[in-house]
Amino acid sequence: ILDQIKKGEEGDGDGCANNLLPTAMLGRGALIKPWLPTEIKERRHWDISATERMDMLKDFVRFGLEHWGSDQQGVNQVRRFLLER
C-alpha cells in the first residue's frame, strides 16, 4: 500500500485473519513513504519536496545514532537500517 487510493481499493473482505495483511502492507509502504499514515489520515495525496524528504532522512539518522550510539557499531547499525529495504 503506497497511497490512500490503493488502500481504498484493497477493501476489507480479503479473508485475512483479523485484517493483519493490510496492516503489514501499510507498514511496508511506510518504510518507503514515511508520510503515508498522514496521507491516509487526511485522505489526500501528499507529494513532499526533496527538502522535506531529506529532513526526514536526517531525523532518521539522528534518532538512530541517539539510539544505537555514534561509535562504529552504532553507525553500522544506522547504515544497515537506512540502506536496506
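Residues numbered from 1 in each chain as written. Predicted model: local features only at pLDDT ≥ 70, side-chain atom pairs only at ≥ 80, totals over all residues. Heavy atoms only, no water.

Engineer: Break down the pattern of salt bridges for me, citing the residues and quoting the values.
Structural biologist: Considering all chains together, one arrives at five salt bridges under this definition. In this structure, the salt-bridge partner of E42 is R44, at a minimum N-O distance of 2.6 Å. Measuring nitrogen to oxygen at the nearest pair gives 3.7 Å for the salt bridge that ties D47 to R53. Classification of D47 by relative accessible area gives exposed; the value is 60%. On the basis of relative accessibility, which here comes to 37%, the residue R53 falls in the partly exposed class. One salt-bridge network, in which partners are shared between bridges, spans D59, R62 and E66. (Salt bridge = Lys/Arg side-chain N within 4 Å of Asp/Glu carboxyl O. Buried < 20%, exposed > 50% of the residue type's maximum accessible area, 1.4 Å probe, protein only.)

Engineer: Outline helix 4 (residues 50-68), listing residues and values.
Structural biologist: With 19 residues, helix 4 should reach 27 Å at 1.5 Å per residue; the first-to-last C-alpha distance of 27 Å fits that figure. The positive-phi residue at the C-terminal boundary of helix 4 is G69, with phi of around 95 degrees. (Helix = DSSP H or I, 4+ residues; strand = E, 2+ residues; numbered from the N terminus. Expected span 1.5 Å × (residues − 1).)

Engineer: Tell me about the packing of helix 4 against helix 5 (residues 72-83), and please be specific about residues and values.
Structural biologist: It is the contact of helix 4 with helix 5, at a shortest axis distance of 9 Å, that shows an interaxial angle of 140 degrees. Judged by the inter-axis angle, helix 4 sits oblique to helix 5. Crossing of helix 4 against helix 5: the hand is right-handed. Side by side, helix 4 and helix 5 meet where L57, F60, V61, G64, L65 and W68 of the first sit next to G74, V75, Q77, V78, F81 and L82 of the second. Looking at side-chain class alone, the contact of helix 4 with helix 5 contains nine nonpolar, three polar and no charged residues. (Axes fitted to C-alpha atoms, helices over the stretch in contact; angles between N-to-C directions. Parallel < 35°, antiparallel > 145°, perpendicular 65-115°, else oblique. Left-handed = near helix turned anticlockwise from the far one by under 90°. Contact = heavy atoms within 4.5 Å. Nonpolar A, V, L, I, M, F, W, Y, C, P; charged D, E, K, R; others polar.)

This is a description of form; function is not addressed.
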